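Letter by letter, the chains look like this.
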Amino acid sequence: MTDSEPPSPEVPPDAVTGGLTDEVRRLLARPELWLVPPPELLRAVVDCIAAESLPREPP
Amino acid sequence: MAVSTGGPEEDRDLARRFVAGDVESVRRIYARYAGAVFTVAFSRLADRDLADEAVQETFLKAWRARATFDPDRNLSPWLYMIARRTAADMARGERRRPATTPLPPTLAADDPEQRGDPWEAWQVRCALRDLPGDERELIRLTHYVGLTHSQVAEQTGLPIGTVKSRLHRAHRRLAQRLAHLRVIA
């Protein structure tokens, strides 16, 4: 992000939040739209999948 | 984690590799969809740890069921369905716990009616993922953190006119990407 981008004076203040439905705007305020799973979860998923993908030894 | 913003073509390529049993494709699919899976899981479970567990379970179930998926179809609704069912199963399991085990505080306090349609939440999360990072951050500061435009300008060091114009652009992108939700509604 830079400071060099000139502002757009043609954008009226009431248009800044326009274009989205009330439902979408309500969702954007909810934590589940922004929280992310912890990074170690990917490793756990990949480890489980890799373990399941190993060829099984014949009995 | 860097999240690819690849479109339907990348999804199809990933889906083919996934169905073929390529473990590495899981990392890419996870990078694209783990956030949206979390959103659906948290919408139902309202608990961070349970939602994390549901994310893991969703990807494992998808992997085990990969042979049933047609890679020419869209990966997104398929993963969504698995995520929603997984979260629903976990929610039922939580309710069946003995009364001596209290519900997680957030699950007990949060009103499911206020959480809305999980498919819509999934779509919004995917649309946010595809925004440029600076625009996504401005949306987060405005809608989630609840800052005014002046406060966003102060926090980011951007001129307030730039904050407004970037927010306008971000809102327009989101509205275009989510236009189909209006039709459904």
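Keep in mind it's a predicted model, so treat the numbers as computed, not measured. (Residues numbered from 1 in each chain as written. Chains lettered and ligands numbered in written order. Predicted model: local features only at pLDDT ≥ 70, side-chain atom pairs only at ≥ 80, totals over all residues. Heavy atoms only, no water.)

Visitor: How do you make sense of the overall build of chain A when you look at a structure like this?
Guide: Helix and strand counts for chain A stand at 2 helices and 0 strands. Only carbon and sulfur atoms are counted for the fraction: they give 60% of the accessible area of chain A, which is about 3,800 Å². (Helix = DSSP H or I, 4+ residues; strand = E, 2+ residues; numbered from the N terminus. Areas by Shrake-Rupley, 256 points an atom, 1.4 Å probe, with all protein chains shown as cover.)

Visitor: I would appreciate a short explanation of the packing of aromatic side chains in the present structure.
Guide: In this description, an aromatic ring pair is defined by two values, namely the gap between the centres and the angle between the planes. By the definition in use, this model includes 9 aromatic pairs over all chains. Relative to Y144 of chain B, the ring of W34 of chain A lies with its centre 6.4 Å away and its plane at 20°, an arrangement referred to as stacked. Of this pair, W34 of chain A sits in the loop between α1 (22–28) and α2 (40–53) while Y144 of chain B sits in helix α7 (residues 133–144), which puts the two residues in different chains. The buried category is assigned to W34 of chain A, whose relative accessible area is 15%. Taking 4.7 Å as the distance between ring centres and 65° as the angle between the ring planes, the aromatic pair formed by Y80 of chain B and W119 of chain B counts as edge-to-face. A residue pair is termed long-range when its members are at least 10 positions apart, and Y80 of chain B in helix α4 (residues 75–95) and W119 of chain B in helix α6 (residues 118–129) qualify at 39 residues. In this structure W119 of chain B comes out as partly exposed when scored by relative accessible area, which is 23%. (Phe/Tyr/Trp six-rings, centres within 6.5 Å; stacked < 30°, edge-to-face > 60°. Buried < 20%, exposed > 50% of the residue type's maximum accessible area, 1.4 Å probe, protein only.)

Visitor: Quick question: what am I supposed to make of α6 of chain B here?
Guide: Every α-helix carries 3.6 residues per turn, so stepping three or four residues along brings you back to the same face. Residue and element names in this part refer to chain B. Helix length check: α6 (12 residues) gives 16 Å between terminal C-alpha atoms against 16 Å at 1.5 Å per residue, within 8%. Taking burial as the measure, the 12 residues of α6 include 10 buried ones, the bulk of the element. Looking at α6, one finds that the buried residues are E120, A121, W122, Q123, V124, R125, C126, A127, L128 and R129. Structurally, the start of α6 carries an N-cap: the backbone nitrogen of W119 is 2.9 Å from a side-chain oxygen of D117. (Expected span 1.5 Å × (residues − 1). Polar contact = N/O pair within 3.5 Å; in protein donor to acceptor, adjacent residues only side chain to side chain.)

Visitor: Got a minute to help me understand the side chain of Q123 of chain B in this structure?
Guide: Position of Q123 of chain B relative to the elements: it lies in helix α6. Classification of Q123 of chain B as buried rests on a relative accessible area of 12%.

Visitor: When you look at the nonpolar core in this model, what are you seeing that I'm missing?
Guide: Soluble globular proteins tend to pack their nonpolar side chains together in the buried interior. Ranked by internal contacts, the top residues of the largest apolar core, which has 40 residues, are F59 and W122 of chain B. At 12 residues, the largest contribution of residues to this core is made by helix α2 (residues 23–45) of chain B. When near neighbours in sequence (up to four residues on either side) are disregarded, F59 of chain B contacts V45 and I49 of chain A together with I29, Y30, Y33, A34 and V37 of chain B. Among the nonpolar cores identified, the runner-up in size contains 25 residues, and A121, V124, I139 and L167 of chain B belong to it. (Core = buried A, V, L, I, M, F, W, Y, C linked by side-chain atoms within 4.5 Å. Contact = heavy atoms within 4.5 Å.)

Visitor: Even after reading the chapter, I still don't get the environment of D47 of chain B, so can you show me in this structure?
Guide: On the secondary structure map, D47 of chain B appears in the loop between α2 and α3 (48–64). At a separation of 3.2 Å, a polar atom in the side chain of D47 of chain B contacts the main-chain amide nitrogen of D49 of chain B.

Visitor: It is not clear to me how the environment of F38 of chain B should be interpreted in this structure. Could you clarify?
Guide: Considering the arrangement of structural elements, one finds F38 of chain B in helix α2. Between the C-alpha atom of F38 of chain B and that of A51 of chain B, which follows or precedes it by 13 residues, the distance is 5.9 Å. Setting aside chain neighbours within four positions, we find F38 of chain B in contact with E32, L35 and P37 of chain A together with R48, A51, D52 and V55 of chain B.

Visitor: Honestly, the packing of α2 of chain A against α3 of chain B in this entry has me stumped. Any pointers?
Guide: It is the contact of α2 of chain A with α3 of chain B, at a shortest axis distance of 10 Å, that shows an interaxial angle of 30°. Viewed along their axes, α2 of chain A and α3 of chain B adopt a mutual orientation that is roughly parallel. Seen from above, α2 of chain A lies across α3 of chain B with right-handed handedness. Of the residues in α3 of chain B, those in contact with L41, A44, V45, C48, I49, E52 and S53 of chain A of α2 of chain A are D52, V55, Q56, F59, L60, W63 and R64 of chain B. Partitioned by chemical class, the residues of the contact of α2 of chain A with α3 of chain B number 9 nonpolar, 2 polar and 3 charged. (Axes fitted to C-alpha atoms, helices over the stretch in contact; angles between N-to-C directions. Parallel < 35°, antiparallel > 145°, perpendicular 65-115°, else oblique. Left-handed = near helix turned anticlockwise from the far one by under 90°. Nonpolar A, V, L, I, M, F, W, Y, C, P; charged D, E, K, R; others polar.)

Visitor: Would you mind showing me how to read the environment of L35 of chain A here?
Guide: Take L35 of chain A: it is sitting in the loop between α1 and α2. Spatially, the C-alpha atoms of L35 of chain A and E52 of chain A are 29 Å apart, while their sequence positions differ by 17 residues. In this view, L35 of chain A contacts F38, F42, R48 and R125 of chain B; residues no more than four positions away in its chain are not counted.

Visitor: For this particular structure, what's the right way to read the interface of chain B and chain A?
Guide: Often, the extent of an interface is quoted as the loss of accessible area on bringing the components together. With 52 residues of chain B in contact, the opposing surface of chain A contributes 41 residues. Roughly 4,400 Å² is buried in total at the junction of chain B and chain A, and carbon and sulfur atoms are behind 67% of that figure. Taken together, chain B and chain A are joined by 1 salt bridge. A salt bridge links R64 of chain B to E52 of chain A; its shortest N-O distance comes to 2.4 Å. In this structure, the connection of chain B to chain A is made through 6 residue pairs in polar contact (both at pLDDT 80 or more). Those elements that place two or more of their residues in the side of chain B that touches chain A are α2, α3, α6, α7, α8 (149–156), α9 (160–177) and α10 (179–184) of chain B. Each residue belonging to the side of chain B that touches chain A can be placed in one class, and the counts come to 22 nonpolar, 14 polar and 16 charged. (Buried area = accessible area lost by both parts, 1.4 Å probe. Salt bridge = Lys/Arg side-chain N within 4 Å of Asp/Glu carboxyl O.)

That is the geometry; function is a separate question.
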